Amino acid sequence: MVSIEDLQEYSDLFEMQNFEPKDVLFPPTRLMERTCGLTSREDFEAHGEEILRALEAASPRPLTTYDSILDFGVGCGRLARMLPDFKGRYAGADIDVEALKWTSSNLRWVEPVLLLPCNPFPLRPGQFECIISISVFTNFNENDARFYLSELKRMTKPGANLFLTVHGERALERTRAEQRLADMLCLNSTALDYTASKLKRNGFHFVKLNDHLMSGAREYGTAFVGRKHIEAVWSNYFEVVEIRSGAIHDFQDIVVLRRPAR
């Protein structure tokens, strides 16, 4: 959990001397597992490559041509490490202090942005031309999702592109068919049936879970976000360009958004 004291240490993140893994490009296993559920370097590498390919396919231009990227939920750098030659500003935001310290100490092109749950980003508004958020809105309840959509709007430049992943209809379809996925999301058949009915009715359902990232400031759980909800609610913040079903691992959707130029 992030504290005020952690935020006070924010300026020291680049000075960390005690994070020196043998292989600078791979985080410790405990961080890989905690931030994305992976324990092998091969899987971590493969997932990062697949995410990058999916984002490149969704983006109207190569990611390397943006002058500024905000990676919201950077974790221990599963995506960030795929872009070591990025020439612009790459800011990585997260509430996980240890993961952010490792990333900022080892992926030197990443500018760390330490967050408190459900608090404004400690950044000036209108700074980013591109925002990427992988496996973050998959865990927000509706109120928290609205808060962060508002914050992302505040962070973007006019005309900015955003790529946010969600559990949509494809994720629900696979979870109902594959027990390992249901176990991963901690959902039994009754919960999945109810989720399906809610997704059909209003396009959103959130199941609260107990997790290490829980805090008094926010709930943590599994969220399913369908097209109906995105078009009705997310469109209040951004233009909904498209929803790329199952674009990440044939599971999570990429919601492509744009902040209007005016």
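Residues numbered from 1 in each chain as written. Predicted model: local features only at pLDDT ≥ 70, side-chain atom pairs only at ≥ 80, totals over all residues. Heavy atoms only, no water.

Each aromatic ring pair is specified by the distance between its two centres and by the angle formed by the two planes. For the structure shown, the criterion picks out 10 aromatic pairs. Judged by centre distance (5.9 Å) and plane angle (80°), the rings of Phe86 and Tyr90 are edge-to-face. The exposure classification of Phe86 matches that of Tyr90, with both residues buried. Taken together, the aromatic side chains of Phe72, Phe121, Phe137, Phe140, Phe147, Tyr148 and Trp234 make up a single cluster linked through ring pairs. The residue whose ring lies beneath Arg61 is Tyr66, and the NZ or CZ to ring-centre distance is 4.3 Å. Over the ring of Phe26 we find Arg81; its NZ or CZ atom is 4.2 Å from the centre of that ring. (Phe/Tyr/Trp six-rings, centres within 6.5 Å; stacked < 30°, edge-to-face > 60°. Buried < 20%, exposed > 50% of the residue type's maximum accessible area, 1.4 Å probe, protein only. Lys NZ or Arg CZ within 6 Å of the ring centre and 35° of its normal.)

The next thing to look at is the side chain of Asp96. Following the sequence through the fold, Asp96 ends up in the loop between strand S2 (89-94) and helix H4 (97-106). On the basis of relative accessible area, Asp96 is assigned to the buried category, the value being 8%. Side chain to side chain, Asp96 and Arg34 meet in a polar contact 2.9 Å long. For Asp96, the side chain forms a polar contact with the main-chain nitrogen of Ala99, separated by 3.1 Å. Apart from the residues within four sequence positions on either side, Asp96 is in contact with Arg34 and Thr35. (Helix = DSSP H or I, 4+ residues; strand = E, 2+ residues; numbered from the N terminus. Polar contact = N/O pair within 3.5 Å; in protein donor to acceptor, adjacent residues only side chain to side chain. Contact = heavy atoms within 4.5 Å.)

Once that is clear, we can look at the packing of helix H6 (residues 169-177) against helix H8 (residues 189-202). Across the interface, H6 lies against H8 with an axial gap of 11 Å and an inter-helix angle of 155°. Taken together, the axes of H6 and H8 lie roughly antiparallel to each other. Between H6 and H8 the crossing geometry is left-handed. For the pair H6 and H8, the contacting residues are Glu169, Leu172, Thr175 and Arg176 in the first and Leu192, Asp193, Thr195, Ala196 and Leu199 in the second. A per-class count over the contact of H6 with H8 returns 4 nonpolar, 2 polar and 3 charged. (Axes fitted to C-alpha atoms, helices over the stretch in contact; angles between N-to-C directions. Parallel < 35°, antiparallel > 145°, perpendicular 65-115°, else oblique. Left-handed = near helix turned anticlockwise from the far one by under 90°. Nonpolar A, V, L, I, M, F, W, Y, C, P; charged D, E, K, R; others polar.)

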